[in-house]
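# Structural characterization, general
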Amino acid sequence: MTGLTEQLVADYKRLCDRVADVEAENAALKTQLAGDRAIAHLLQKIGELERDKARLISTVQEQAQMTNRFVEIESELESFANLYVASFQLHSSLRVRTVVRHIRELLVQLVGVRSLGIYVIDDSARHLVPIAADGVDVSALRMIPIRDGGVCDGVEALVERTFSTGMLHVAEGETIGRPAACIPLALEDRAIGAIVVYALLEHKKRFVTVDRELFKLLGAHAAGALVSAHLWGQADGHVPSAEALREMCA
Amino acid sequence: MTVQYSCLVVEDSPMMRQLLVLALSRLKSLQITEADDGVDGLRKLAAGKFDIILTDINMPIMDGLKLVKRVRSDPAHKDVPIIVITTEGSSEDRQRALQLGANAYITKPIQAPQVIAKVRELLRIDA
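So, how was this worked out
Residues numbered from 1 in each chain as written. Chains lettered and ligands numbered in written order. Predicted model: local features only at pLDDT ≥ 70, side-chain atom pairs only at ≥ 80, totals over all residues. Heavy atoms only, no water. Contact = heavy atoms within 4.5 Å. Salt bridge = Lys/Arg side-chain N within 4 Å of Asp/Glu carboxyl O. Polar contact = N/O pair within 3.5 Å; in protein donor to acceptor, adjacent residues only side chain to side chain. Helix = DSSP H or I, 4+ residues; strand = E, 2+ residues; numbered from the N terminus. Nonpolar A, V, L, I, M, F, W, Y, C, P; charged D, E, K, R; others polar. 1 Å grid on protein atoms, 1.4 Å probe; cavity = no way out; pocket = protein on both sides within 12 Å on 5 of 7 lines; lining within 4 Å. Points joined across faces, edges and corners; volume = space filled by probe spheres on them. Core = buried A, V, L, I, M, F, W, Y, C linked by side-chain atoms within 4.5 Å. Buried < 20%, exposed > 50% of the residue type's maximum accessible area, 1.4 Å probe, protein only. Phe/Tyr/Trp six-rings, centres within 6.5 Å; stacked < 30°, edge-to-face > 60°. Patch = residues over 30% accessible without salt bridge, like charges linked within 9 Å, V, L, I, M, F, W, Y side chains within 5 Å. Areas by Shrake-Rupley, 256 points an atom, 1.4 Å probe, with all protein chains shown as cover. Axes fitted to C-alpha atoms, helices over the stretch in contact; angles between N-to-C directions. Parallel < 35°, antiparallel > 145°, perpendicular 65-115°, else oblique.

### Digging into the interface of chain B and chain A
- At the junction of the two partners, chain B supplies 15 residues and chain A supplies 18 residues.
- Close ionic contact of R26(B) with E74(A) constitutes a salt bridge, the shortest N to O distance being 2.5 Å.
- One can count four residue pairs in polar contact (both at pLDDT 80 or more) joining chain B with chain A.
- Counting residues per element, the ones that place at least two in the side of chain B that touches chain A are α1 (14–24) and α5 (112–123) of chain B.
- In terms of residue count, α1(B) provides more of the side of chain B that touches chain A than any other element does, six residues in total.
- Its residues assigned to classes, the side of chain B that touches chain A comprises nine nonpolar, three polar and three charged.

### A look at the layout of surface pockets
- If you add up the space inside the largest pocket, you get close to 380 Å³.
- If you go around the largest pocket, you meet 20 residues; those closest to its centre are L110(A), K204(A), V208(A), P109(B) and Q111(B).
- Put simply, the parts of the chain that give the lining of the largest pocket at least two residues each are α1 (2–90), α2 (96–111) and α4 (209–234) of chain A.
- Ranked by the residues each element gives to the lining of the largest pocket, the list is headed by α1(A), at four residues.
- Within the lining of the largest pocket, the residues separate by chemical class into seven nonpolar, eight polar and five charged.

### Describing the nonpolar core
- Judged by nonpolar contacts, the single largest core of 70 residues is most densely connected at I103(A), L107(A), I195(A), L218(A), L54(B) and V119(B).
- Among the elements that take part in this core, α4(A) stands out by supplying nine residues, more than any other.
- Residues contacting V119(B), with those up to four places away along its chain left out, are L24(B), L27(B), L30(B), I52(B), L54(B) and I83(B).
- Formed by 20 residues, the second largest nonpolar core is a distinct cluster that contains A35(B), M59(B), I82(B) and A97(B).

### Quick look at the packing of aromatic side chains
All names here are of chain A.
- Scanning all chains against the criterion turns up two aromatic pairs over all chains.
- Relative to F88, the ring of Y84 has its centre 5.9 Å away and its plane inclined at 45°; by these criteria the two rings are tilted. Here F88 and Y84 lie together in helix α1, a separation of four residues that amounts to about one turn.
- Consider the rings of F207 and F215, whose centres lie 5.3 Å apart with planes at 80°: the pair is edge-to-face.
- Taking relative accessible area as the criterion, F207 reaches 6% and is therefore assigned buried.

### Topic: the pattern of salt bridges
- Under the definition given, this model contains 20 salt bridges over all chains.
- Put simply, R190(A) and D123(A) hold a salt bridge, and the shortest N to O gap is 3.2 Å. Taken together, the residues span a long stretch of sequence, with R190(A) in strand β6 (residues 190–200) and D123(A) in the loop between β1 (113–122) and β2 (127–134) at a distance of 67 residues.
- Of the charged contacts, one joins D51(B) and K49(B) as a salt bridge, the two residues approaching to 3.3 Å between their closest N and O atoms.
- The exposure class of K49(B) is exposed, given its relative accessible area of 64%.
- In the salt-bridge network here, residues are joined through shared partners; they are D123(A), R126(A) and R190(A).

### Brief notes about a nonpolar patch on the surface
- Taken together, I39(A), L43(A) and I46(A) make up a surface patch of nonpolar side chains, about 300 Å² in accessible area.
- Locating I46(A) in the fold gives a position in helix α1.

### Description of the packing of α2(A) against α1(B)
- Axis separation between α2(A) and α1(B) bottoms out at 9 Å; the angle between their running directions is 50°. Relative to α1(B), α2(A) is oriented oblique. For the pair α2(A) and α1(B), contact is made by R101(A), H102(A), E105(A), L106(A), Q109(A) and L110(A) and by P14(B), M15(B), M16(B) and L19(B), respectively.
- Taken together, the residues of the contact of α2(A) with α1(B) break down into six nonpolar, two polar and two charged.

Next up, the structure:
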């Protein structure tokens, strides 16, 4: 009997130890499981953050593109405004003096020109004659002979070439050399003069796109505005009759 | 309701005036009045109330510096912000204008965003 009791007590103790071991093992497994879940949760979180990061990068890139586009549009708007004002002012007067003043103002105020001369062809003498200037005394400007390819100094050769070819000359890069630009003045399909841009304001180092557009506008419209103003003055402000205009329209 | 501000642009050159008005008209809350020179500017100031003045410096009859001086000595307008428009190389004029009480200056050739930013800053208009 004693032997059986001792055997039972020993079994009981062994079973108790076993239960304790199993409980410990269970606790360890629970901890490990919790750790795995935490890692899985963290991995999920990392994935979400990566997606957020990609979204943010994409948004930042889109914003940068929009900012660039905004700057471009702003610049285009500025160009259109300048061209609109230039065109408006060029044809806003039928007085030669005012038209010339507007041409000078356009170049000085909108482009940043420091000195310029406006020349008109004297067909009989084959000379370009300076009629107005800004930033330089008009009386100091020489007449430029049109020699059809003859030898003359650098500035005169360039002006003559611009006048003869009707091709706008604009100095590329820094405008240290003179002239900085030469604009042929066209009336219908013939050149009747030229505007010579001698120098730019100190801060204006080079021409930009809108400057070239303004030069083209002046080249195409300034001569017309000048001649119209002159004819209007000669006509003493008399408007052609409707009949005369109708006949010319026919 | 949008707050309305009134702006006086004093400039003798029609071209520059048109450019300034064109730039400022992008601010919808601004009502613009134009004046040909300083005397015309003072006449328009006497006839109305203005929140800001933009003036050129080199003008016939009465230049921008005299205008700034006259505006600052007038109790009715002494606090109105004034922006002077100067040409490059006229730093003396700029300094003189600021000494006389101008709040800011813009150098020609003017750029619309610069004009708008300066007016917004002085009138505290949000972008």
